[in-house]
Amino acid sequence: MVESNGAELTEHEAELYDRQIRLWGLDSQKRVRLARILIAGINGLGAEIAKNVILAGVKSVTLLDDRKVTEEDFCSQFLAPQSSVGTNRAEASLTRAQNLNPMVELKADTEPIESKSDDYFKDFDVVCLIGASTAQHLRVNNVCREANVKFFATDVWGMHGFCFTDLQKHEFAEDVAKYVVVSKPHEKPKSETVYSTVKCTLEFPPYQSLVDFDCKSTSYARQLKRNGPALPVQRVLQKFRDEEQRDPAYGKREEDLKKLFQLRDSLAPELIPDKSFDHVFAQISPVTAIVGGVVAHEIIKVVSQKERPHRNVFLFNPDTCCGFVDLVGADK
(Lines give C-alpha, C1' and ligand atoms only; values in the text may rest on other atoms or scores of the structure.)
Protein backbone atom coordinates (compact mmCIF):
# COMPACT_ATOMS: atom_id res chain seq x y z
CA MET A 1 0.00 0.00 0.00
CA VAL A 2 1.29 3.48 -0.82
CA GLU A 3 2.20 5.84 2.00
CA SER A 4 2.68 9.59 1.83
CA ASN A 5 6.33 9.24 3.01
CA GLY A 6 6.61 12.96 3.55
CA ALA A 7 5.87 13.73 -0.11
CA GLU A 8 4.98 17.33 -0.85
CA LEU A 9 2.72 18.73 -3.55
CA THR A 10 4.00 21.53 -5.73
CA GLU A 11 2.18 24.85 -5.72
CA HIS A 12 0.68 24.03 -9.10
CA GLU A 13 -0.51 20.62 -7.88
CA ALA A 14 -2.05 22.15 -4.76
CA GLU A 15 -3.95 24.58 -6.98
CA LEU A 16 -5.00 21.92 -9.50
CA TYR A 17 -6.21 19.47 -6.84
CA ASP A 18 -7.60 22.07 -4.43
CA ARG A 19 -11.16 20.71 -4.61
CA GLN A 20 -10.02 17.17 -3.89
CA ILE A 21 -7.81 18.29 -1.01
CA ARG A 22 -10.84 20.00 0.52
CA LEU A 23 -12.84 16.82 0.03
CA TRP A 24 -10.53 14.15 1.46
CA GLY A 25 -7.58 16.04 2.95
CA LEU A 26 -3.98 16.81 2.06
CA ASP A 27 -2.48 13.54 3.32
CA SER A 28 -4.95 11.52 1.25
CA GLN A 29 -4.12 13.55 -1.88
CA LYS A 30 -0.42 12.95 -1.28
CA ARG A 31 -1.06 9.20 -1.23
CA VAL A 32 -3.11 9.48 -4.41
CA ARG A 33 -0.23 11.40 -6.02
CA LEU A 34 2.12 8.45 -5.37
CA ALA A 35 -0.17 5.70 -6.71
CA ARG A 36 0.82 3.61 -9.74
CA ILE A 37 -2.18 2.13 -11.56
CA LEU A 38 -2.39 -0.61 -14.20
CA ILE A 39 -5.54 -0.76 -16.32
CA ALA A 40 -5.56 -3.87 -18.52
CA GLY A 41 -8.25 -3.72 -21.22
CA ILE A 42 -8.90 -0.30 -22.75
CA ASN A 43 -12.43 -0.78 -24.03
CA GLY A 44 -15.26 1.63 -23.11
CA LEU A 45 -15.14 0.60 -19.46
CA GLY A 46 -11.36 0.90 -19.35
CA ALA A 47 -11.57 4.38 -20.88
CA GLU A 48 -14.02 5.52 -18.18
CA ILE A 49 -11.85 4.17 -15.37
CA ALA A 50 -8.70 5.68 -16.88
CA LYS A 51 -10.36 9.09 -17.29
CA ASN A 52 -11.48 9.30 -13.65
CA VAL A 53 -8.23 7.99 -12.20
CA ILE A 54 -6.12 10.34 -14.34
CA LEU A 55 -8.23 13.36 -13.36
CA ALA A 56 -7.78 12.44 -9.68
CA GLY A 57 -4.03 13.01 -10.05
CA VAL A 58 -2.31 9.67 -9.48
CA LYS A 59 1.41 9.30 -10.15
CA SER A 60 1.15 7.04 -13.20
CA VAL A 61 -1.29 4.99 -15.27
CA THR A 62 -0.28 2.16 -17.60
CA LEU A 63 -2.79 1.25 -20.32
CA LEU A 64 -2.28 -2.42 -21.24
CA ASP A 65 -4.07 -3.80 -24.31
CA ASP A 66 -2.93 -5.88 -27.29
CA ARG A 67 -6.22 -5.55 -29.20
CA LYS A 68 -7.03 -3.35 -32.19
CA VAL A 69 -9.60 -0.55 -32.31
CA THR A 70 -12.81 -1.67 -34.03
CA GLU A 71 -15.99 0.19 -34.97
CA GLU A 72 -17.74 -1.59 -32.10
CA ASP A 73 -15.49 0.31 -29.67
CA PHE A 74 -17.15 3.59 -30.60
CA CYS A 75 -20.28 2.59 -28.70
CA SER A 76 -18.45 3.68 -25.55
CA GLN A 77 -14.68 4.09 -26.08
CA PHE A 78 -14.17 7.87 -26.22
CA LEU A 79 -10.37 7.99 -25.81
CA ALA A 80 -9.62 6.40 -29.20
CA PRO A 81 -10.47 8.65 -32.20
CA GLN A 82 -12.52 7.14 -35.03
CA SER A 83 -9.54 7.54 -37.35
CA SER A 84 -7.65 4.97 -35.25
CA VAL A 85 -9.58 1.89 -36.45
CA GLY A 86 -7.12 -0.98 -36.91
CA THR A 87 -4.44 0.47 -34.61
CA ASN A 88 -3.60 -0.67 -31.10
CA ARG A 89 -6.29 0.32 -28.60
CA ALA A 90 -3.91 1.40 -25.82
CA GLU A 91 -1.71 3.50 -28.11
CA ALA A 92 -4.74 5.08 -29.79
CA SER A 93 -6.07 6.18 -26.37
CA LEU A 94 -2.84 7.71 -25.12
CA THR A 95 -3.07 11.26 -26.56
CA ARG A 96 -6.59 12.05 -25.35
CA ALA A 97 -5.86 10.44 -21.99
CA GLN A 98 -2.74 12.57 -21.54
CA ASN A 99 -4.68 15.73 -22.39
CA LEU A 100 -6.93 15.07 -19.40
CA ASN A 101 -4.06 15.69 -16.98
CA PRO A 102 -0.52 16.37 -18.28
CA MET A 103 0.86 15.91 -14.75
CA VAL A 104 0.14 12.16 -14.72
CA GLU A 105 2.71 9.81 -16.24
CA LEU A 106 1.02 7.70 -18.93
CA LYS A 107 2.29 4.66 -20.79
CA ALA A 108 0.76 2.39 -23.42
CA ASP A 109 1.72 -1.29 -23.31
CA THR A 110 0.74 -3.30 -26.40
CA GLU A 111 1.76 -6.77 -25.22
CA PRO A 112 -0.83 -9.44 -24.29
CA ILE A 113 -1.42 -9.96 -20.60
CA GLU A 114 -0.39 -13.62 -20.94
CA SER A 115 3.13 -12.58 -21.88
CA LYS A 116 3.67 -10.59 -18.70
CA SER A 117 5.79 -12.08 -15.93
CA ASP A 118 4.65 -12.11 -12.33
CA ASP A 119 7.12 -9.34 -11.50
CA TYR A 120 5.40 -7.02 -13.99
CA PHE A 121 2.27 -6.75 -11.83
CA LYS A 122 4.27 -6.23 -8.64
CA ASP A 123 5.43 -2.80 -9.86
CA PHE A 124 1.94 -1.32 -9.35
CA ASP A 125 -0.13 -0.32 -6.35
CA VAL A 126 -3.43 -1.22 -8.05
CA VAL A 127 -4.09 -3.70 -10.88
CA CYS A 128 -7.44 -3.51 -12.68
CA LEU A 129 -8.34 -6.25 -15.19
CA ILE A 130 -11.09 -5.73 -17.79
CA GLY A 131 -12.24 -8.35 -20.27
CA ALA A 132 -10.01 -11.05 -18.80
CA SER A 133 -10.62 -14.79 -18.58
CA THR A 134 -11.09 -16.64 -15.29
CA ALA A 135 -7.60 -18.12 -15.62
CA GLN A 136 -6.11 -14.65 -16.02
CA HIS A 137 -8.08 -13.34 -13.05
CA LEU A 138 -6.85 -16.16 -10.82
CA ARG A 139 -3.23 -15.92 -11.90
CA VAL A 140 -2.93 -12.13 -11.54
CA ASN A 141 -4.91 -12.10 -8.29
CA ASN A 142 -2.54 -14.65 -6.76
CA VAL A 143 0.46 -12.53 -7.80
CA CYS A 144 -1.16 -9.41 -6.34
CA ARG A 145 -1.86 -11.14 -3.04
CA GLU A 146 1.78 -12.17 -2.74
CA ALA A 147 2.95 -8.60 -3.35
CA ASN A 148 0.15 -6.81 -1.44
CA VAL A 149 -1.06 -5.14 -4.64
CA LYS A 150 -4.74 -4.17 -4.69
CA PHE A 151 -6.73 -6.14 -7.28
CA PHE A 152 -9.86 -5.26 -9.27
CA ALA A 153 -11.66 -7.41 -11.84
CA THR A 154 -14.43 -5.60 -13.68
CA ASP A 155 -16.56 -5.91 -16.81
CA VAL A 156 -19.56 -4.67 -18.72
CA TRP A 157 -21.55 -6.91 -21.03
CA GLY A 158 -24.18 -4.79 -22.77
CA MET A 159 -26.15 -3.43 -19.81
CA HIS A 160 -24.77 -5.83 -17.19
CA GLY A 161 -22.01 -4.38 -14.99
CA PHE A 162 -19.72 -6.14 -12.52
CA CYS A 163 -16.69 -5.51 -10.30
CA PHE A 164 -14.84 -7.80 -7.87
CA THR A 165 -12.37 -6.31 -5.38
CA ASP A 166 -9.57 -8.02 -3.47
CA LEU A 167 -7.73 -5.59 -1.20
CA GLN A 168 -6.32 -8.36 1.05
CA LYS A 169 -5.86 -6.64 4.43
CA HIS A 170 -6.83 -3.01 3.90
CA GLU A 171 -6.42 -0.19 6.39
CA PHE A 172 -8.33 3.05 5.99
CA ALA A 173 -9.65 6.09 7.86
CA GLU A 174 -13.37 6.63 8.25
CA ASP A 175 -15.29 9.59 9.63
CA VAL A 176 -17.82 8.43 12.23
CA ALA A 177 -20.71 10.65 13.30
CA LYS A 178 -21.68 10.99 16.93
CA TYR A 179 -24.52 13.02 18.44
CA VAL A 180 -23.43 15.11 21.42
CA VAL A 181 -25.93 16.79 23.77
CA VAL A 182 -25.04 20.46 24.04
CA SER A 183 -28.08 21.80 25.91
CA LYS A 184 -27.79 22.80 29.57
CA PRO A 185 -29.83 21.19 32.36
CA HIS A 186 -33.50 22.18 32.40
CA GLU A 187 -33.28 23.41 28.78
CA LYS A 188 -34.94 21.90 25.76
CA PRO A 189 -32.73 18.99 24.64
CA LYS A 190 -30.37 20.01 21.86
CA SER A 191 -27.64 17.99 20.16
CA GLU A 192 -24.94 18.54 17.57
CA THR A 193 -23.31 16.13 15.14
CA VAL A 194 -19.61 15.66 15.78
CA TYR A 195 -17.37 13.71 13.41
CA SER A 196 -14.31 11.81 14.55
CA THR A 197 -11.81 9.96 12.37
CA VAL A 198 -11.45 6.26 13.15
CA LYS A 199 -8.85 3.84 11.77
CA CYS A 200 -10.40 0.64 10.42
CA THR A 201 -9.23 -2.63 8.86
CA LEU A 202 -11.05 -5.01 6.51
CA GLU A 203 -10.07 -8.45 5.22
CA PHE A 204 -10.91 -9.39 1.62
CA PRO A 205 -11.07 -12.91 0.13
CA PRO A 206 -9.35 -13.86 -3.16
CA TYR A 207 -10.99 -14.15 -6.58
CA GLN A 208 -11.13 -17.92 -6.08
CA SER A 209 -13.96 -17.32 -3.60
CA LEU A 210 -16.11 -15.92 -6.42
CA VAL A 211 -15.28 -18.88 -8.65
CA ASP A 212 -16.29 -21.29 -5.87
CA PHE A 213 -19.44 -19.39 -4.86
CA ASP A 214 -22.68 -21.34 -5.31
CA CYS A 215 -25.47 -19.09 -6.58
CA LYS A 216 -27.95 -21.94 -6.07
CA SER A 217 -27.34 -22.12 -2.32
CA THR A 218 -30.32 -21.55 -0.04
CA SER A 219 -28.35 -18.91 1.87
CA TYR A 220 -28.18 -16.79 -1.29
CA ALA A 221 -31.88 -17.13 -2.12
CA ARG A 222 -32.86 -14.02 -0.14
CA GLN A 223 -30.31 -11.79 -1.90
CA LEU A 224 -31.37 -13.27 -5.24
CA LYS A 225 -35.00 -12.40 -4.58
CA ARG A 226 -34.12 -8.87 -3.46
CA ASN A 227 -31.48 -7.91 -6.04
CA GLY A 228 -32.30 -10.10 -9.03
CA PRO A 229 -30.11 -12.54 -10.96
CA ALA A 230 -27.24 -10.15 -11.73
CA LEU A 231 -24.58 -12.38 -10.12
CA PRO A 232 -25.69 -15.65 -11.79
CA VAL A 233 -25.84 -13.76 -15.11
CA GLN A 234 -22.24 -12.62 -14.58
CA ARG A 235 -21.16 -16.19 -13.93
CA VAL A 236 -22.77 -17.35 -17.18
CA LEU A 237 -21.22 -14.52 -19.21
CA GLN A 238 -17.78 -15.21 -17.73
CA LYS A 239 -18.13 -18.91 -18.55
CA PHE A 240 -19.11 -18.02 -22.12
CA ARG A 241 -15.91 -15.96 -22.45
CA ASP A 242 -13.78 -18.76 -21.03
CA GLU A 243 -15.17 -21.36 -23.44
CA GLU A 244 -15.55 -19.24 -26.59
CA GLN A 245 -12.54 -16.95 -25.97
CA ARG A 246 -14.72 -13.96 -26.83
CA ASP A 247 -17.86 -12.19 -25.60
CA PRO A 248 -21.36 -12.56 -27.07
CA ALA A 249 -21.55 -10.77 -30.44
CA TYR A 250 -24.60 -9.10 -31.95
CA GLY A 251 -23.66 -10.52 -35.36
CA LYS A 252 -24.01 -14.01 -33.88
CA ARG A 253 -26.99 -13.20 -31.69
CA GLU A 254 -29.06 -16.35 -32.19
CA GLU A 255 -26.08 -18.68 -31.98
CA ASP A 256 -24.72 -16.97 -28.87
CA LEU A 257 -28.10 -16.84 -27.13
CA LYS A 258 -28.43 -20.59 -27.62
CA LYS A 259 -25.01 -21.09 -26.01
CA LEU A 260 -25.89 -18.74 -23.13
CA PHE A 261 -29.10 -20.64 -22.42
CA GLN A 262 -27.14 -23.91 -22.33
CA LEU A 263 -24.66 -22.47 -19.85
CA ARG A 264 -27.51 -21.01 -17.81
CA ASP A 265 -29.20 -24.40 -17.57
CA SER A 266 -25.98 -26.05 -16.37
CA LEU A 267 -24.75 -23.33 -13.99
CA ALA A 268 -27.87 -21.68 -12.63
CA PRO A 269 -31.04 -23.50 -13.71
CA GLU A 270 -34.33 -21.74 -12.92
CA LEU A 271 -32.50 -18.66 -11.56
CA ILE A 272 -32.18 -16.60 -14.75
CA PRO A 273 -35.08 -15.78 -17.09
CA ASP A 274 -34.45 -15.77 -20.85
CA LYS A 275 -34.91 -11.99 -21.06
CA SER A 276 -31.83 -11.43 -18.89
CA PHE A 277 -29.67 -12.12 -21.95
CA ASP A 278 -31.47 -9.67 -24.26
CA HIS A 279 -28.93 -6.89 -23.66
CA VAL A 280 -25.49 -8.49 -23.29
CA PHE A 281 -23.96 -7.40 -26.60
CA ALA A 282 -21.22 -4.75 -27.00
CA GLN A 283 -20.80 -2.18 -24.22
CA ILE A 284 -23.54 0.37 -23.61
CA SER A 285 -22.07 3.84 -22.94
CA PRO A 286 -24.32 4.84 -19.98
CA VAL A 287 -23.51 1.58 -18.21
CA THR A 288 -19.75 1.92 -18.75
CA ALA A 289 -20.03 5.45 -17.32
CA ILE A 290 -21.81 4.19 -14.19
CA VAL A 291 -19.63 1.13 -13.58
CA GLY A 292 -16.44 2.96 -14.58
CA GLY A 293 -17.27 5.77 -12.18
CA VAL A 294 -17.87 3.33 -9.34
CA VAL A 295 -14.66 1.38 -9.99
CA ALA A 296 -12.53 4.51 -10.33
CA HIS A 297 -14.00 5.89 -7.10
CA GLU A 298 -13.11 2.65 -5.34
CA ILE A 299 -9.55 2.81 -6.67
CA ILE A 300 -9.18 6.38 -5.40
CA LYS A 301 -10.62 5.41 -2.00
CA VAL A 302 -8.13 2.54 -1.81
CA VAL A 303 -4.99 4.52 -2.66
CA SER A 304 -6.02 7.50 -0.53
CA GLN A 305 -6.92 5.17 2.35
CA LYS A 306 -9.96 7.34 2.93
CA GLU A 307 -13.52 5.96 3.36
CA ARG A 308 -14.80 2.41 3.59
CA PRO A 309 -14.38 0.45 0.34
CA HIS A 310 -17.04 -1.77 -1.20
CA ARG A 311 -16.80 -5.34 0.06
CA ASN A 312 -16.50 -7.04 -2.28
CA VAL A 313 -18.73 -7.38 -5.40
CA PHE A 314 -20.51 -4.52 -7.17
CA LEU A 315 -23.22 -5.43 -9.70
CA PHE A 316 -25.35 -3.30 -12.01
CA ASN A 317 -28.76 -4.84 -12.66
CA PRO A 318 -30.29 -3.65 -15.98
CA ASP A 319 -33.77 -4.82 -14.95
CA THR A 320 -33.89 -2.23 -12.17
CA CYS A 321 -31.22 0.17 -13.55
CA CYS A 322 -29.64 0.06 -10.08
CA GLY A 323 -26.29 -0.97 -8.74
CA PHE A 324 -25.77 -2.84 -5.48
CA VAL A 325 -22.94 -4.29 -3.40
CA ASP A 326 -22.87 -7.94 -2.42
CA LEU A 327 -20.49 -9.83 -0.12
CA VAL A 328 -19.19 -13.07 -1.63
CA GLY A 329 -16.81 -15.51 0.00
CA ALA A 330 -16.24 -13.70 3.30
CA ASP A 331 -17.82 -13.39 6.71
CA LYS A 332 -20.10 -10.44 7.31
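In the annotation of an unreviewed UniProt entry, the entry for the protein reads THIF-type NAD/FAD binding fold domain-containing protein, and the organism field reads Anopheles merus. In its Sequence similarities (unreviewed entry) section, the UniProt record describing the protein reads: "Belongs to the ubiquitin-activating E1 family."

## Looking at the domain arrangement of the protein
What the domain assignment reports for the protein is domain 1 (12-167 + 284-326), domain 2 (170-203) and domain 3 (213-277). Centre-to-centre separation of domain 1 and domain 3, based on C-alpha positions: 25 Å. Both faces considered, domain 1 and domain 3 share a buried interface measuring about 1300 Å² in area, 55% of it formed by carbon and sulfur atoms. Here domain 1 and domain 3 share one salt bridge between them.

## Things to note about the pattern of salt bridges
Tallied over the entire structure, the rule returns 23 salt bridges. One salt bridge connects R89 with D73, and the closest N-O pair in it is separated by 2.9 Å. Placement of R89 in helix α5 (residues 89-100) and of D73 in the loop between β2 (60-64) and α5 is noted, with a sequence separation of 16 residues between them. For D73, a relative accessible area of 9% gives the class buried. Among the ionic pairs, E243 bridges to K259, the shortest N-O distance being 2.6 Å. Here the residue E243 occupies a position in helix α10 (residues 230-244), and K259 occupies one in helix α11 (residues 253-267), the gap between them amounting to 16 residues. One network of salt bridges, in which partners are shared, links K239, E243, E244 and K259.

## Considerations on the side chain of Q77
Examined against the element boundaries, Q77 turns out to sit in the loop between β2 and α5. Only 3.0 Å separates the side chain of Q77 from the backbone oxygen of I42, close enough to count as a polar contact. A polar side-chain atom of Q77 sits 2.9 Å from a polar atom in the side chain of S93. Aside from chain neighbours lying at most four places away, what touches Q77 is I42, N43, G44, A47, R89 and S93.

## Side note on the UniProt feature "domain: THIF-type NAD/FAD binding fold" (unreviewed entry) in the protein
Taking the numbering used here, the UniProt-annotated feature "domain: THIF-type NAD/FAD binding fold" (unreviewed entry) corresponds to residues 17-316. In this annotation, residues 17-316 is assigned 40% helix and 22% strand; the end-to-end C-alpha distance for the span is 30 Å.

## Comments concerning the packing of helix α3 (residues 26-33) against helix α12 (residues 285-304)
Contact pair α3 / α12: the axes reach a minimum separation of 8 Å and the direction vectors enclose 110°. Of the possible angle classes, the one that applies to α3 and α12 is roughly perpendicular. Packed against α3, whose contacting residues are S28, R31 and V32, the element α12 presents I300, V303 and S304 at the interface. Here the contact of α3 with α12 is built from residues that sort into three nonpolar, two polar and one charged.

## As for the packing of aromatic side chains
Summed over the entire model, instances satisfying the criterion amount to six aromatic pairs. Note on Y120 and F124: the rings are 5.5 Å apart at their centroids and 65° apart in plane angle, and the pair reads as edge-to-face. Under the relative-accessibility criterion, Y120 is labelled buried at 15%. Judged by relative accessible area, which is 9%, F124 ranks as buried. Considering the side-chain rings of Y250 and F281, the 6.0 Å spacing of their centres and the 85° angle between planes classify their relative orientation as edge-to-face. Of this pair, Y250 sits in the loop between α10 and α11 while F281 sits in the loop between α11 and α12, and the two are 31 residues apart along the sequence. Here F281 falls in the buried class, since its relative accessible area comes to 8%. Three or more aromatic residues link up through ring pairs in this structure, and these residues are Y120, F121 and F124. We note K116 situated over the ring of Y120; from NZ or CZ to the ring centre the distance is 4.4 Å.

## A closer look at the sheet that holds β2
Read across the open sheet, the eight strands follow the order β3-β2-β1-β4-β5-β6-β9-β10; overall the sheet is mixed. The two strands at the open ends of the sheet, each matched to only one other strand, are β3 (105-109) and β10 (322-326). Neighbour-to-neighbour, the strand axes of this sheet turn through a mean angle of 15°, independent of strand direction. Packing against the sheet, α5 makes contact with β2 and β3, and its axis sits at approximately 170° to β3.

## Focus: α10
When the terminal C-alpha atoms of α10 are compared, their 21 Å separation across 15 residues agrees well with the 21 Å that a helix rising 1.5 Å per residue should span. Taken as a whole, α10 has its buried residues at A230, L231, P232, V233, Q234, V236, L237, Q238, F240 and R241. The positive-phi residue at the C-terminal boundary of α10 is Q245, with phi of around 60°.

## Some points on the environment of F314
Note on placement: F314 falls in strand β9 (residues 313-317). Residue classification places F314 among the buried residues on the basis of a relative accessible area of 8%. In the structure, F314 is positioned 151 residues away from C163 in sequence and 5.0 Å away in space, judged by C-alpha atoms. If sequence neighbours within four positions are ignored, F314 has contacts with G161, F162, C163, V291, V294, G323, F324 and V325.

Rules used in this analysis
- Residues numbered from 1 in each chain as written.
- Predicted model: local features only at pLDDT ≥ 70, side-chain atom pairs only at ≥ 80, totals over all residues.
- Heavy atoms only, no water.
- UniProt positions renumbered as here; feature names shortened; annotations may be inferred.
- Domains from an automatic or database assignment.
- Buried area = accessible area lost by both parts, 1.4 Å probe.
- Salt bridge = Lys/Arg side-chain N within 4 Å of Asp/Glu carboxyl O.
- Helix = DSSP H or I, 4+ residues; strand = E, 2+ residues; numbered from the N terminus.
- Buried < 20%, exposed > 50% of the residue type's maximum accessible area, 1.4 Å probe, protein only.
- Polar contact = N/O pair within 3.5 Å; in protein donor to acceptor, adjacent residues only side chain to side chain.
- Contact = heavy atoms within 4.5 Å.
- Axes fitted to C-alpha atoms, helices over the stretch in contact; angles between N-to-C directions.
- Parallel < 35°, antiparallel > 145°, perpendicular 65-115°, else oblique.
- Nonpolar A, V, L, I, M, F, W, Y, C, P; charged D, E, K, R; others polar.
- Phe/Tyr/Trp six-rings, centres within 6.5 Å; stacked < 30°, edge-to-face > 60°.
- Lys NZ or Arg CZ within 6 Å of the ring centre and 35° of its normal.
- Pairing = 2+ DSSP bridges.
- Expected span 1.5 Å × (residues − 1).

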